[in-house]
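# Structural description and commentary
Listed here are the chains, written in short residue letters.
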Amino acid sequence: GTTASTDITVLAPGATACTINGIPGDAGIGRFALNGRTIITGTSSEDAANNDLPQLGTKVVDLACVELIEVVPGATYEAQISIALGFSTQNVRVYLDLNQNATFESSERLISVTYTVPGGTGFATAAPDITIPNGLLPNQIYRLRVIADTQGGNGCTVSGPGQAEDYGVVFLNGALPVSLQSFDGKKIDKAVELNWSTASETNNDYFSLERSADGRN
């Protein structure tokens, strides 16, 4: 029989103009889940102190090339976003870099919701619906930015205590011979080790990973 290969274009680490610095504080995102994929980190100050997490400044955790979420264009998913307690309100914003220009514009904002947060320590979970826009190219990883902060802002700001976390989302064309089950990576010195598993493969010969040098091409 015939064989086929699966090509996935991978984002380069840190390929975005939106690096954000400042004192992170203890607000931010402890857990993000979408379409069966769950990513657990810590508060913004805990993440900033974690040398194993790729960072874009002191307020952005860059997981776009190590945490991959499979999505379908036009589909609506209930997200699970754990935000830190102890702040009266936190604004949650989600952006998808559709045009791959390494910024997060207002037209690319998927949600912006302000939540009242109880006092104390730990996390509360917000569950907003997120609709994936149409037009995603198959097998291209897009950068999804999730922001939780105390004052609100745009896709390239974290106002007051808070943080942003970037994840990778990909639309795997149904015509492909592979159903992706997991895709993970971890930072090892100056490199990233990628590991993935598949739920099924039909006449698939090999995998070819391509890395973008600038996050656009």
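Use the structure listed above.
Residues numbered from 1 in each chain as written. Predicted model: local features only at pLDDT ≥ 70, side-chain atom pairs only at ≥ 80, totals over all residues. Heavy atoms only, no water.

So, on to the nonpolar core. Phe32, Leu144 and Tyr167 are the most contacted members of the largest nonpolar core, which totals 31 residues. Within the residue set of this core, elements represented by two or more residues are strand S2 (29-34), strand S4 (60-70), strand S6 (80-84), strand S7 (89-96), strand S11 (141-149) and strand S12 (162-170). Not counting residues up to four positions away in its chain, the partners in contact with Leu144 are Phe32, Leu34, Val94, Tyr95, Leu96, Leu110, Glu165, Asp166, Tyr167 and Val169. Within the second largest apolar cluster, nine residues are counted, among which are Cys18, Ile20, Phe104 and Ala164. (Core = buried A, V, L, I, M, F, W, Y, C linked by side-chain atoms within 4.5 Å. Buried < 20%, exposed > 50% of the residue type's maximum accessible area, 1.4 Å probe, protein only. Helix = DSSP H or I, 4+ residues; strand = E, 2+ residues; numbered from the N terminus. Contact = heavy atoms within 4.5 Å.)

A word on the environment of Thr103. Note that Thr103 resides in the loop between S7 and strand S8 (109-116). Considered as a pair, Thr103 and Arg143 are 40 residues apart in the sequence and their alpha carbons are 9.5 Å apart. Among the polar contacts made by the side chain of Thr103, one reaches the side chain of Asn101 at a distance of 3.0 Å. There is a polar contact of 3.4 Å between the side chain of Thr103 and the side chain of Glu105. (Polar contact = N/O pair within 3.5 Å; in protein donor to acceptor, adjacent residues only side chain to side chain.)

This part covers the sheet that holds S6. Reading across the sheet, the four strands line up as S3-S2-S6-S9 and stay open at both edges, with antiparallel pairing between neighbours. The open sheet terminates on both sides in strands that have one partner only, identified here as strand S3 (37-40) and strand S9 (123-126). Direction aside, neighbouring strands of the sheet carry axes that sit 15° apart on average. With four bridges connecting them, S2 and S3 associate as antiparallel partners. Pairing of Leu34 across the sheet is with Arg37, part of S3. (Pairing = 2+ DSSP bridges. Axes fitted to C-alpha atoms, helices over the stretch in contact; angles between N-to-C directions.)

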